[in-house]
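Coordinates in review
What follows is each chain in one-letter form.
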Amino acid sequence: NDCIETIYDGRRLQESCHNEREMLKENGLAIVASPMPKTHIIWSERDSVQQCYLPELERTINKLFPEKIIHLSFWNPMMRGESLEISRQRDQLLHTPTANIASLVHIDTDVGAYDSIEEILAIIDNNRVQNDSLASSSSVIEDVTDDIVSGRKRFAILNFWRNTGETPVTQAPLSIYSSRYDGDVAFPDAAPNVEDSKWYMFPNATRDEVIVFYQYDRERDQPSDLWHCAIEVEEKESDSVHRRKSFDIRALIVFDDEVSDNNDRFSPERTRPVLSFEESCCFCDKQAAKRTGGEGK
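The text that follows walks through the structure, step by step, so that each part is easy to find.

Quick notes on the rules
Residues numbered from 1 in each chain as written. Predicted model: local features only at pLDDT ≥ 70, side-chain atom pairs only at ≥ 80, totals over all residues. Heavy atoms only, no water. Helix = DSSP H or I, 4+ residues; strand = E, 2+ residues; numbered from the N terminus. Buried < 20%, exposed > 50% of the residue type's maximum accessible area, 1.4 Å probe, protein only. Contact = heavy atoms within 4.5 Å. Pairing = 2+ DSSP bridges. Phe/Tyr/Trp six-rings, centres within 6.5 Å; stacked < 30°, edge-to-face > 60°. Lys NZ or Arg CZ within 6 Å of the ring centre and 35° of its normal. Core = buried A, V, L, I, M, F, W, Y, C linked by side-chain atoms within 4.5 Å. Arc of directions from axis to C-beta. Axes fitted to C-alpha atoms, helices over the stretch in contact; angles between N-to-C directions.

**So, the side chain of Glu 219**
- In this structure, Glu 219 sits in the loop between strand E9 (209-217) and strand E10 (228-230).
- Here Glu 219 falls in the buried class, since its relative accessible area comes to 17%.
- In contact with Glu 219, not counting residues within four places along its chain, are Arg 154, Val 259, Asn 263 and Arg 265.

**Comments concerning the pairing of strand E2 (residues 29-33)**
- For E2, a buried count of four out of five residues is recorded, marking the element as mostly surrounded by other parts of the structure.
- Sheet analysis places E2 next to E9, joined by five bridges and oriented antiparallel. When the sheet's bridge partners are listed, Ala 30 is paired in E9 with Val 212.

**Details of the packing of aromatic side chains**
- Using the criterion set out here, one finds nine aromatic pairs in the structure.
- Centre to centre, the rings of Trp 43 and Phe 247 are 4.8 Å apart; their planes meet at 40 degrees, and the pair counts as tilted. Remark: Phe 247 occurs in strand E11 (residues 245-258) and Trp 43 occurs in the loop between E2 and helix H3 (46-64); sequence separation between them is 204 residues. In this pair, the class of Trp 43 matches that of Phe 247, namely buried.
- Ring centres of Tyr 53 and Phe 247 lie 5.7 Å apart, and the angle between their planes is 85 degrees; on these two criteria the pair is classed as edge-to-face. Of this pair, Tyr 53 sits in helix H3 while Phe 247 is found in strand E11, placing the two residues 194 residues apart along the sequence.
- Its relative accessible area of 0% is what places Tyr 53 among the buried residues.
- Note on Phe 247: relative accessible area 0%, which makes it buried.
- Here the aromatic cluster, defined as three or more aromatic residues joined through ring pairs, consists of Trp 43, Tyr 53 and Phe 247.
- The ring of Trp 75 carries Arg 250 above its face, with NZ or CZ at 5.1 Å from the centroid.
- The aromatic ring of Phe 266 is capped on one face by Arg 270, whose charged end is 3.9 Å from the ring centroid.

**Overview of the pairing of strand E8 (residues 198-201)**
- Taken together, the three bridges between strand E1 (residues 7-9) and E8 define a ladder with parallel strand orientation. Counterpart to Ile 7 in the pairing with E8 is Trp 199.
- Strand direction decides the pairing type here: strand E7 (residues 174-178) and E8, joined by four bridges, are antiparallel. Across the sheet, Ile 176 pairs through a bridge with Tyr 200, a residue of E8.

**Digging into the nonpolar core**
- Among the nonpolar cores identified, the biggest contains 45 residues, and Ile 61, Phe 65, Leu 158, Phe 160, Ile 211 and Ile 253 are the most heavily contacted of them.
- At the level of secondary structure, the elements contributing two or more residues to this core comprise helix H2 (20-27), E2, H3, strand E3 (69-81), strand E6 (153-163), E7, E9 and E11.
- Broken down by element, this core gets its largest block of residues, seven residues, from H3.
- Among all residues touching Ile 253, those that are not within four sequence positions of it are Ile 61, Phe 65, Ile 69, His 71, Leu 72, Arg 154, Phe 155, Ala 156 and Leu 158.
- Core analysis: the next-biggest nonpolar cluster, separate from the first, contains 16 residues, Ile 124, Ile 148, Val 254 and Phe 266 among them.

**Digging into H2**
- All buried positions along H2 are accounted for by Met 23, Leu 24 and Asn 27. For H2, the arc enclosing every buried residue in end-on projection is 100 degrees, short of the 170-degree limit, so these residues lie on one face.
- The secondary structure elements touched by the buried residues of H2 are helix H1 (10-15), E2, H3, E6, E7 and E9.
- Within two residues after H2, Gly 28 carries a phi angle of roughly 85 degrees, on the positive side.

**What to know about the sheet that holds E7**
- The four strands are arranged E1-E8-E7-E10 in an open sheet whose pairing can be described as mixed. Lying at the two open borders of the sheet, with one neighbouring strand each, are E1 and E10. Between one strand axis and the next, the sheet turns by 35 degrees as a mean value, whatever way the strands run.

**Comments concerning helix H5 (residues 140-149)**
- For H5, the complete set of buried residues consists of Val 140, Val 144, Thr 145 and Ile 148. Taken down its axis, H5 places every buried residue within 130 degrees of arc, on the same side. With respect to the buried face of H5, the exposed residues turned more than 90 degrees away are Glu 142 and Asp 146.

In short, the description is geometric, and any link to function would need to be established separately.
Here you go:
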């Protein structure tokens, strides 16, 4: 049976918070004013993203997190649009990968699907866009494995989503599920409390704003693992020429904070998923291929 969900205005929710930092901390998502750099960004070129866009994202991260950060890596850049198809692997060394919008509910990174932290960090290494400040030229595995395993440092994965079109987003906007759980539990050990969890979107997101949301946090009490998707809205005649164009990129942030035993989601005893990483990692690619009539139906 179909289930009808109410989607709430994230801007109104954020108005009830003191600032973007509080919004992100309490709800796992926020929209942040982030003016486009004066230097023109060519979103399809990885070098342009690295040189012109990542410094702005670093400023946004410093505004959102007063905690001391010991490592920051950006990875998995993606251009999305209703007219785009999945790009070929060989085109992705110099150019930003492309994909259709993801219209099925999903999370980007199920950290529990990995057997070890090295496996997670290897994926990040292979899809990394080098930033200049808080990441060395060595591999991510060399940089942070000991901090996470032996030092028990908190780490988080966030998605930074931006409208790259000339007009505010009116078609296929991003919707995010801010999940709440009963008691001292979190995904995947329990299902969200459906009464307290809510879907949000940020209407008319502009190219001078970035939507930030958690895909993972080692600390159990931080709302994270936020499911999300593009949603259909009633089309107006004028919207046909303003199809959604967006760019998203993930960030691995390692904080100089040790996680306590009772708040650690990445302990050796953590619950493992039924699907392996290999089985789950192609989810978005398959749904995008299906949407555009390609393989993977």
